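# Examination of the molecular architecture
Spelled out from the first residue to the last, the chains are:
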Amino acid sequence: MEENQGESQIRKSFAGANILLTGGTGFLGKLLIEKLLRCCPELNKIYLLVRKKKNMDPQTRLKEQFDDVLYETLHKDQPDFIKKVEILEGEMDSENLGLTDQDWLTVCDKVNFILHGAATVRFDEPLSKAVRINTRGTKEMLTLARCCKYLKSFVYISTAYCNLPQQPIEEKFYDFPLTSDLLIDVVECLDSKTVDDITPGLIGVYPNTYCFTKAAAENHLLKHSQGLPVAILRPSVVISTAKGPIPLGWIDNIYGPTGISVGASVGIIRLVKCNPDAVADFVPADFVANACIAVAWKTARHHEKTYERKLDDHSEVPKDEEAKHDQIPRVYNYVSGNQNPITIRTFMHYAHTHGIKLVSTKAVWCYMLFLVNNARLFKTVNILLHWIPAYVCDGVAVMIGKKPMLKKVYSKIDKWTHFNEIFASHTWKMKNSNTVELLRELNETDRHIFDFDISALDWNSYMYNYMMGIRLYLIKDSKEAIPRGIKKQYFLKIANYIVMTIYGITLFWFVKLLGGGVLKLMYKIFS
């Protein structure tokens, strides 16, 4: 605990600092930029490493990003905040990150904090691409960090699921089947087709290329970060904001449970393959951003206490023998299941309870969602509630000259179901003692400004904001239209009763006329 309880120690640490942020155009990156600029107004500069974009200059890109409702408060309080943000054009999968020599030197001479969150988060990303971005990109970032003359901390944003199927998942490094350097060499030496062929053998027990390449990146940090102020933050499934900077839950993507909630809200998704009693380890995005900033502060403070800088070449050496043995990066699991667990069943119950009061005028069918754990039952009901209606609707669309869409939509949903089954069907136990300890180290002011106390989150209240945020920011439906949405939902329910009655009778006679073998045939066709 700090002596001065009234002063923000985190804000003080970032005063006058220069920050390099990767992934700044992504969901979590946008929140980090907003939080740092709003709550650490004395910081000097945020450098954003972003991909080059044709036909759009850096300032235009910045303006486009900062026109988001997320930055409303910042625009009011600090109208000129954009002057503190500078784009460095580069590529995570390129040598030297695709930076120009001048930009590389700028980072080396000026940057104090590095927050590395850029990654490809697609579970089905080809291994060659995932390695280039997630693993080699982290290698290049660490090389850059080692060149920084005044680096205070380097925080790598990983994932709590990169070490499945370990149980429990602790805040430590786990053995990796091969070194990160060897993995990078394999991918760079072989053609993409060969890499695709050997991918199942390479990733082994890892559920997908995302988790595998994030684990490889952690392995690289373990092997090559000695002497650097490095820490790893592992959030679980990140969903909408809980407290700020705007009143309702802000979100800008449809990953994970958000995609299900959006699909169910508009009447497209009616079935989910999951274990309803499994713990849903979800965490609010603003809490994750706050935890990341706190980890950066803690890492800088710890490194300052244990290392001293040499004046001749700016290198750092341990102050004593104890510091020499304290060079393994600290890991912080940011999860909810250990302190404030909520099951998938309860999560979806809250989503339904609040969502049905906030139904959208853009719904195409009424809300109807079933949680099924049995694989055979899921495949059968999936045919009945998703695929048959999809083919019927697409057939009608073709006949009236419209573009068929539902088959493509349900193909994506089935693909998502396949990749997410391991997360939705198990309760993964994760330890978070380092994160709990970090929260205790913050003084009262910082605990208020940079709150990430997941144990105090009221899931029921949070879910109202979450569903409202989905309506406002993803479905793009206003609050004022809620009464019209409720009225439309009423008529959709009536239509659903009529259609389901006709559908049930038709299916009954269809099976009766053609025999029970038709169900087996349908099962084979659609699965």
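Computed from a predicted model, the values in this text were never measured in an experiment.

## A word on the environment of Leu384
- In this fold, Leu384 is placed in helix 14 (residues 375-399).
- Sequence-wise, Leu384 and Cys292 are 92 residues apart; in three dimensions their C-alpha atoms are separated by 45 Å.

## As for the pairing of strand 1 (residues 18-22)
- The element strand 1 is extensively covered by neighbouring structure, given that five of its five residues are classed as buried.
- Across five bridges, strand 1 lies against strand 2 (residues 45-50) in parallel orientation. Following the sheet pairing, Leu20 is matched in strand 2 by Tyr47.
- Of the crossover connections in this fold, the one passing from strand 1 over helix 2 (residues 27-39) to the parallel strand 2 is right-handed.
- When strand 1 meets strand 4 (residues 113-116), the two strands line up parallel, connected through four bridges. Bridge pairing links Thr22 to His116 in strand 4.

## So, the environment of Val372
- Relative to the helices and strands, Val372 is located in strand 13 (residues 370-372).
- C-alpha separation for the pair Val372 and Cys274, spaced 98 residues apart in sequence, amounts to 5.9 Å.
- Excluding residues within four positions of it along the chain, Val372 makes contact with Leu271, Val272, Lys273, Cys274, Leu377 and Phe378.

## With respect to the UniProt feature "domain: Fatty acyl-CoA reductase C-terminal" (unreviewed entry) in the protein chain
- In this structure's numbering, the residues bearing the UniProt feature "domain: Fatty acyl-CoA reductase C-terminal" (unreviewed entry) are residues 385-477.
- A distance of 26 Å separates the end C-alpha atoms of residues 385-477, which is 70% helix and 0% strand.

## Describing the environment of Val237
- Topologically, Val237 is positioned in strand 7 (residues 237-239).
- Since its relative accessible area comes to 24%, Val237 is described here as partly exposed.
- Val237 sits 48 residues away from Ala285 along the chain, and the two C-alpha atoms are 9.1 Å apart.
- With residues up to four places along the chain from it excluded, the contact list for Val237 reads Tyr161, Pro257, Asp281, Phe282 and Val283.

## Re the sheet that holds strand 2
- Strand order across the open sheet formed by seven strands is 3-2-1-4-5-6-12, with parallel pairing between neighbours. Whereas interior strands pair on both sides, the edge strands pair on one side only; in this sheet they are strand 3 (85-89) and strand 12 (330-334). Adjacent strand axes in the sheet meet at a mean angle of 20°, parallel and antiparallel pairs treated alike.
- In the sheet, strand 2 pairs with strand 3 via five bridges, with the strands oriented parallel. When the bridges of strand 3 are listed, Val50 appears paired with Glu89.
- Contacts between helix 3 (residues 58-66) and the sheet are confined to strand 2 and strand 3, with strand 3 contributing the most and set at about 125° to the helix.

## Some details on unusual backbone geometry
- Of note, the amide linkage connecting Gln167 to Pro168 takes the cis form, showing an omega dihedral of -10°.
- By the element assignment, Pro168 lies in the loop between strand 5 (153-157) and helix 7 (180-189).
- Along the chain, Gly244 connects to Pro245 via a cis peptide bond; the corresponding omega equals 10°.
- In this structure, Pro245 sits in the loop between strand 7 and helix 10 (256-265).
- Phi is positive for Asn96, which is not a glycine, with a value near 55°.

## Digging into the nonpolar core
- In this structure, Phe14, Leu32, Leu115, Leu233, Tyr334 and Phe452 are the most contacted members of the largest nonpolar core, which totals 94 residues.
- At 12 residues, helix 11 (residues 285-306) tops the list of elements feeding residues into this core.
- Here Tyr334 is in contact with Leu233, Arg234, Pro235, Ser236, Val283, Phe287, Val288, Ala291, Thr435, Phe452 and Ile454, once residues within four sequence places are set aside.
- Of all hydrophobic cores here, the second largest spans 29 residues; its members include Leu88, Phe154, Leu221 and Ile232.

## Considering the pattern of salt bridges
- With the rule as written, the count across this model stands at 18 salt bridges.
- Among the salt bridges present, the one from Lys30 reaches Asp252, with a minimum N-O distance of 3.0 Å. With Lys30 in helix 2 and Asp252 in the loop between strand 7 and helix 10, this residue pair connects regions lying 222 residues apart in the sequence.
- Relative accessible area serves as the criterion here: at 15%, Lys30 is assigned to the buried category.
- Linking Glu441 and Arg301 is a salt bridge whose minimum nitrogen-to-oxygen distance equals 2.5 Å. Taken together, the residues span a long stretch of sequence, with Glu441 in helix 16 (residues 433-441) and Arg301 in helix 11 at a distance of 140 residues.
- Residue classification places Glu441 among the buried residues on the basis of a relative accessible area of 13%.
- Residues joined in a network through salt bridges with shared partners are Arg122, Asp124, Glu125 and Lys415.

## As for the layout of surface pockets
- The calculated volume of the second largest pocket comes to roughly 480 Å³.
- Contributing to the lining of the second largest pocket are 20 residues, with Arg270, Trp365, Pro389, Cys393 and Leu406 lying nearest its centre.
- Elements with a minimum of two residues in the lining of the second largest pocket: helix 14, helix 15 (406-424) and helix 19 (482-514).
- The residue inventory of the lining of the second largest pocket, partitioned by class, reads 17 nonpolar, two polar and one charged.

The rules behind the values
Residues numbered from 1 in each chain as written. Predicted model: local features only at pLDDT ≥ 70, side-chain atom pairs only at ≥ 80, totals over all residues. Heavy atoms only, no water. Helix = DSSP H or I, 4+ residues; strand = E, 2+ residues; numbered from the N terminus. Buried < 20%, exposed > 50% of the residue type's maximum accessible area, 1.4 Å probe, protein only. Pairing = 2+ DSSP bridges. Right-handed = clockwise from strand over helix to strand, strands pointing away. Contact = heavy atoms within 4.5 Å. UniProt positions renumbered as here; feature names shortened; annotations may be inferred. Axes fitted to C-alpha atoms, helices over the stretch in contact; angles between N-to-C directions. Core = buried A, V, L, I, M, F, W, Y, C linked by side-chain atoms within 4.5 Å. Salt bridge = Lys/Arg side-chain N within 4 Å of Asp/Glu carboxyl O. 1 Å grid on protein atoms, 1.4 Å probe; cavity = no way out; pocket = protein on both sides within 12 Å on 5 of 7 lines; lining within 4 Å. Points joined across faces, edges and corners; volume = space filled by probe spheres on them. Nonpolar A, V, L, I, M, F, W, Y, C, P; charged D, E, K, R; others polar.

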